[in-house]
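Here is what each chain is made of, one letter per residue.
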Amino acid sequence: MPRLFKCLTVIYLFAFSGAFLRAADAPIDIGSRRELFVDAHLIDSLKEARRQLHHPTPRDVAIVHDAPWEGAGSAYHSIIQDGDRYRLYYRGSAMGVENKRLKLGREVYCYAESRDGIAFTRPELGLHEIDGSKQNNVIWTGVGTHNFAPFLDTRGDCPQESRFKALGGVASQGGLFAFHSADGRHWSLMREAPVVTEGAFDSQNLAFWDATSGVYRAYFRTFTGGITTGKVWKPEGFRAIRTATSRDFLKWEHEADLSYKDSPAEHLYTNQVAPYFRAPHLLIGFPTRYIERGWSDSMRALPELELREQRAAANLRYGTALTEGLLMASRNGVHFERWNEAFLRPGPERPATWLYGHQYIASHAVETESSLPGAPREMSLYAAEGSWHGKGNSLRRYTLRLDGFVSVNAPLSGGELVTKPLTFAGGKLTLNFASGAAGEIRVELQDAAGTPQPGFTLEDCEPVFGDSLNRTVTWKSGSDVSRLAGKTLRLRFVLRDADLYALQFSSP
């Protein structure tokens, strides 16, 4: 019997490995999806070309948190693009250092809105009494106020009364609680007990509907090697991110710590994972990297040394730790490709920057108009600055071209990208790209073995140059590639002084 079992095991493993190899060799079906190069999923080879990380451009401050119920501890921002309205949620909290001790004020959750995503205002909602008055923009003051994180539920059959949902809570309260709202302003608990109980939760813990997988996904704070005893979380190792899925937003399962491709163990505070709105099969995250640098000549040369010394007197890390925004992407929600270089650096040295709490990116990117007349729309991201001191901090807006997280870049001397074998649906190929005046991109369609397809060779391709979010590639015979739809192909791109951000096959 043991011998028979062993034989069956060998047969099973052989069959399984064969199936795995066949799956690994199968072409990637991209259908008519927009594909970005924020990860290396499509790339088979690069020659004299590289993937280039791009950095957001700072713009004006979007809102200053200086109302009496807000303060220098305002944090954990979430932004939702809801039709022609941009909704902003954030925790208000007076915070500072007094007599070498950290001073914390009452925490409330606040709401602001905008019609353009550029400047936000506080509506007087009259929902909660703060210091004897309801003339404020506070939407929540109960359990979960520390890190309340709303989102717009895009599930097709979502009830109107639960159109907005949120997670919030800390370990001392029992974990994460589930909330819902019909209008994004009036909130209530979905049930009295917490829905996720194993974790640290002392960060911005969020969730969303993942239409690609047909589940809700949650991302929350944990520690590598941490354990829970009752309601007390005992951290060990690094601040890290854990995920879980749910069918109904109440029962959460399949918990797993995030894993990363070629990234070191680092302290990660917020995670800011969400489907990218132009390619929702891609989950994009903006985690905050936290690093304790200690005292040095460079630390003392950073802005506002006296204030830094005050914070360090309360706790060393308050004065000498630094934070910045990172970028990561996933296609399965658990394994991420994380860029180890900073996505949003602390930037030029100036007051209220280069400190612990700086450059926490809000959840999540939204689409806004460009400040350049006639230019295409762009992405706006938002990040905090100026915490710890004074009557309030602020949220600054940053911009990036649509799909512009990462490009395949080549110099004027030229470079090449060849994709893995793939299949597509559609009748034309469009590119999101930018080139110099002397630069260009040409595209060759090959079979899986690398043989150019007649009529779609490099010599047949008309050079593509300019700076466009959606340029159709043409060959001498035109732009129609529908006769190749469904066939296994490779795409060969030859670039000169150009950046390729995304590609998409679509209807003619």
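Calculation rules
What you see as residue numbers is a count from 1 along each chain, following the sequence as written. Local features in this predicted model are restricted to residues of pLDDT 70 or higher, and side-chain atom pairs are both shown and tallied only at a pLDDT of 80 or more, whereas totals for entire chains, interfaces and linings draw on every residue. With hydrogens and water excluded, all non-hydrogen atoms of the structure serve as input to the side-chain values. The numbering of helices and of strands both runs from the N terminus, where a helix is a DSSP run of H or I of at least 4 residues and a strand a run of E of at least 2. Values of the radius of gyration come from C-alpha atoms, whereas the globule rule sets the reference at 2.2 Å times the count of residues to the power 0.38. Burial here depends on accessible area, computed with a 1.4 Å probe over protein chains only, as a share of the maximum for the residue type. Under 20% is buried, over 50% is exposed, and the range in between is partly exposed. Whether two residues are in contact is decided by their heavy atoms, any of which lying within 4.5 Å being enough. In short, Shrake-Rupley with a 1.4 Å probe defines the accessible areas, and a residue's cover is counted only from the protein chains shown. In this tally Asp and Glu are treated as negative and Lys and Arg as positive; neither His nor the chain ends contributes. Charged side chains are reduced to one point each, which is NZ for Lys, CZ for Arg, CG for Asp and CD for Glu. Only buried Ala, Val, Leu, Ile, Met, Phe, Trp, Tyr and Cys residues count toward a nonpolar core, and they belong to the same one when joined by side-chain atoms within 4.5 Å. In what follows, salt bridge is the name for a side-chain nitrogen of Lys or Arg lying within 4 Å of a carboxyl oxygen of Asp or Glu. Only the six-membered ring of Trp is used, alongside the rings of Phe and Tyr, when aromatic pairs are assigned; centres must lie within 6.5 Å, and planes under 30 degrees apart are stacked while those over 60 apart are edge-to-face, with the rest tilted. By the criterion adopted, a ring carries a charge over it if an Arg CZ or a Lys NZ lies within 6 Å of its centre and within 35 degrees of its normal. Polar contact is the term for a pair of N or O atoms within 3.5 Å; when the atoms are in protein, one must be able to donate a hydrogen and the other to accept it, and sequence-neighboring residues count only if both atoms are side-chain atoms. Should DSSP find at least two bridges between two strands, the strands are regarded as paired. Here an axis means a line fitted to C-alpha atoms, over the contact stretch when the element is a helix, while the angle between two N-to-C directions is reported on a 0 to 180 degree scale. Confidence of the predictor at the level of single residues is given by pLDDT, which spans 0 to 100.

Engineer: Explain the overall build of the protein chain residue by residue, including any values.
Structural biologist: When you go through the protein chain residue by residue, the secondary structure sums to four helices and 35 strands. Relative to the globule expectation of 23 Å for 508 residues, the C-alpha radius of gyration of the protein chain, 25 Å, shows essentially globular dimensions. Seen along its three principal axes, the alpha-carbon backbone of the protein chain occupies a region of about 75 × 75 × 50 Å. Within the protein chain, the proportion of its 508 residues that are buried is 54%. For the protein chain, the proportion of contacts with a sequence separation of at least 24, taken over those separated by at least 6, is 64%. Carbon and sulfur atoms make up 52% of the accessible area of the protein chain, which totals about 22100 Å². Averaging the locations of the 59 positively and 58 negatively charged side chains of the protein chain gives two centres separated by 3 Å.

Engineer: Could you give an account of the nonpolar core, with specific residues and numbers?
Structural biologist: One finds Leu431, Ile441, Val443 and Phe493 to be the most contacted residues of the largest nonpolar core, which totals 32 residues. Contributing elements (two or more residues each) for this core: strand E1 (28-31), strand E30 (406-410), strand E32 (422-424), strand E33 (428-447) and strand E35 (489-506). Looking at this core element by element, the count peaks at eight residues for E35. What phenylalanine 493 contacts, discounting residues up to four positions off in sequence, is Gly415, Glu416, Leu417, Thr419, Leu431, Ile441, Arg442, Val443, Leu500 and Leu503.

Engineer: Can you explain the pattern of salt bridges? Please cite residues and give values.
Structural biologist: For the structure shown, the criterion picks out 33 salt bridges. For glutamate 113, the salt bridge is made with arginine 185, and the minimal N-O distance between the two is 3.1 Å. Taken together, the residues span a long stretch of sequence, with glutamate 113 in strand E8 (residues 101-114) and arginine 185 in the loop between strand E12 (177-181) and strand E13 (188-189) at a distance of 72 residues. Residues participating in the shared-partner salt-bridge network are Arg33, Glu35, Asp39 and Arg331.

Engineer: Outline the packing of aromatic side chains, listing residues and values.
Structural biologist: In the structure shown here, the tally under the stated rule is 29 aromatic pairs. Measuring from ring centre to ring centre gives 5.5 Å for phenylalanine 249 and tryptophan 252, while their planes differ by 70°; the resulting arrangement is edge-to-face. Each member of the pair, phenylalanine 249 as well as tryptophan 252, is classed as buried. Seen in terms of ring centroids, tyrosine 290 and tyrosine 356 are 5.3 Å apart; in terms of plane orientation they differ by 70°. Their pairing is edge-to-face. Remark: tyrosine 356 occurs in the loop between strand E26 (335-344) and strand E27 (366-368) and tyrosine 290 occurs in strand E24 (residues 288-292); sequence separation between them is 66 residues. Cluster of aromatic residues (ring-pair linked, three or more members): Tyr89, Tyr109, Tyr111, Trp140, Phe148, Phe179 and Trp187. The residue whose ring lies beneath arginine 239 is tyrosine 290, and the NZ or CZ to ring-centre distance is 4.6 Å. Positioned above the aromatic ring of tyrosine 260, the side-chain terminus of arginine 338 is 4.4 Å from the ring centre.

Engineer: Explain the side chain of arginine 87 residue by residue, including any values.
Structural biologist: Residue position: arginine 87 is located in strand E7 (residues 85-98). Here tyrosine 111 takes part through its side chain, which lies 3.0 Å from a polar atom of the side chain of arginine 87. Residues within four places of arginine 87 in sequence aside, it is in contact with Ser78, Ile79, Ile80, Asp82, Tyr111, Ala112, Phe164 and Asp183.

Engineer: Run through the sheet that holds strand E14 (residues 206-210), naming residues and quoting values.
Structural biologist: An order of E14-E15-E18-E19 is seen for the four strands of this open sheet, with the pairing classed as antiparallel. Of all the strands in the sheet, just E14 and strand E19 (252-257) have a single pairing partner and so form its edges. Between one strand axis and the next, the sheet turns through 25° on average, direction left out of account.

Engineer: Can you lay out the sheet that holds strand E6 (residues 75-82) for me, pointing to particular residues and giving the numbers?
Structural biologist: Strand pairing in a sheet takes place through backbone hydrogen bonds and is either antiparallel or parallel in direction. Reading across the sheet, the four strands line up as E6-E7-E8-E9 and stay open at both edges, with antiparallel pairing between neighbours. Either end of the sheet is taken by a strand with one partner, and the two such strands are E6 and strand E9 (138-140). Each neighbouring strand pair of the sheet contributes to a mean axis angle of 35°, computed without reference to strand direction.

Engineer: How would you summarise the confidence of the model for the protein chain if you had to cite specific residues and measurements?
Structural biologist: Here the protein chain averages 93 in pLDDT, and 93% of its residues register 70 or above. With pLDDT under 50 throughout, residues 1-22 is counted as low confidence; its partners more than four residues away or in other chains account for zero contacts. Across residues 226-230, confidence stays below pLDDT 50; counting only partners more than four residues off in sequence or on other chains, it has 10 contacts.

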